Amino acid sequence: GSNHTCAISAENMVECWGADSSGQSGALNMTFSQISSGYVHSCGLTTEGSVECWGASGDDFDYGQVTGAPEGQFAYITSGDFHSCAISVDGLVQCWGRDDDGQSTPPEGVFTSLTAGTAHTCGIGPLGSSGNGDGEIECWGANAQLSSPEGAYGEITGGSYHTCARKTDGTVDCWGSSSDGQSTPPDLEEVRFTQISAGGDFTCGLTADFVGDYTQNELLCWGSNDDGQLYSQSKKFLYLSAGQSYVTG
């Protein structure tokens, strides 16, 4: 999230740490399969597939991102600053929370994954089906983030005002704001990534190939480094998650 982080334990319980001014780190005593954090709220999918959210309690930034959570069965969830979206078991998207830029008004169509930024949301259509195309991207919300690239993608991640997506061959494309280079991946034509995660004004990925000085599963980041978030030590990671100005790995 912006100033808090949540994780799912091996027992499917959620633990959160960091800022808790609005209850965003006060995880529910339930079992979860997915978790996603926004500015002052967190949402997750329970092991039964329902949506549960917490935070934004008595906060000036309460736009219904907790109380507006939908009912039903879902397969995927993502949280932006003040809104969240989830994919139902039939592949359709529902969003709730702030919608002044249309970030909570999804298009029709089937999606397999989503990512939410400050005021935009992007999704990937299913690979090898007629849905929204073969892994093609569609975005909605704030204009600068809507010029998505063409191609087949398998993973997508949104920062504050930029978005990055990983192609099926492991290469990465980014679009939106690049005031600090967050939408300009390193100029390494052969580099491949196994996972990517966008923070506020930066992006990080785990390398898949041996390229230059980088070996497999190393962290490679680009964009703003105002708070030392462009971690550069030669360590290997299995998973990473970027917050507003920090990375957890």
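Just above, that's the structure.
Computed from a predicted structure; not experimentally measured. (Residues numbered from 1 in each chain as written. Predicted model: local features only at pLDDT ≥ 70, side-chain atom pairs only at ≥ 80, totals over all residues. Heavy atoms only, no water.)

Considering the packing of aromatic side chains
Tallied over the entire structure, the rule returns seven aromatic pairs. Consider the rings of Phe32 and Trp54, whose centres lie 5.7 Å apart with planes at 65°: the pair is edge-to-face. Here Phe32 is found in strand E3 (residues 32–37), whereas its partner Trp54 is found in strand E5 (residues 51–55), with 22 residues between them in sequence. Like Phe32, the residue Trp54 is buried in the burial classification. Where Phe193 meets Trp222, the ring centres are 5.8 Å apart and the plane angle is 55°; that geometry is what we call tilted. Linking Phe193 in strand E15 (residues 193–198) with Trp222 in strand E17 (residues 219–223), this pair joins segments that are 29 residues apart in sequence. Judged by relative accessible area, Trp222 falls into the buried class, the value being 5%. Ring-pair connections join several aromatic residues into one group, and the members of that group are Tyr39, Phe61, Tyr63 and Phe82. (Phe/Tyr/Trp six-rings, centres within 6.5 Å; stacked < 30°, edge-to-face > 60°. Helix = DSSP H or I, 4+ residues; strand = E, 2+ residues; numbered from the N terminus. Buried < 20%, exposed > 50% of the residue type's maximum accessible area, 1.4 Å probe, protein only.)

Describing the sheet that holds strand E14 (residues 172–176)
Adjacent strands of a sheet form backbone hydrogen bonds with each other and so pair up, either parallel or antiparallel. Reading across the sheet, the three strands line up as E12-E13-E14 and stay open at both edges, with antiparallel pairing between neighbours. Each end of this open sheet is capped by a strand with a single partner; those strands are strand E12 (153–158) and E14. Taken over all neighbouring pairs, the strand axes of this sheet differ in orientation by 20° on average, direction set aside. Of the strand pairs in this sheet, E12 and strand E13 (residues 162–167) are connected by five bridges, and their pairing is antiparallel. Each residue of the ladder has a partner; that of Gly158, found in E13, is Thr163. (Pairing = 2+ DSSP bridges. Axes fitted to C-alpha atoms, helices over the stretch in contact; angles between N-to-C directions.)

Overview of the layout of surface pockets
Where empty space is left can be seen by rolling a probe of water-molecule size over the atoms. A volume near 1000 Å³ is recorded for the largest pocket. Around the largest pocket sit 49 residues that line it, and Ser36, Ser197, Tyr239, Ser241 and Ala242 are the ones nearest its centre. Breaking the lining of the largest pocket down by element, the ones donating at least two residues are strand E1 (4–8), E3, strand E6 (74–79), strand E9 (113–116), E12, E15 and strand E18 (241–242). A per-class count over the lining of the largest pocket returns 17 nonpolar, 30 polar and two charged. (1 Å grid on protein atoms, 1.4 Å probe; cavity = no way out; pocket = protein on both sides within 12 Å on 5 of 7 lines; lining within 4 Å. Points joined across faces, edges and corners; volume = space filled by probe spheres on them. Nonpolar A, V, L, I, M, F, W, Y, C, P; charged D, E, K, R; others polar.)

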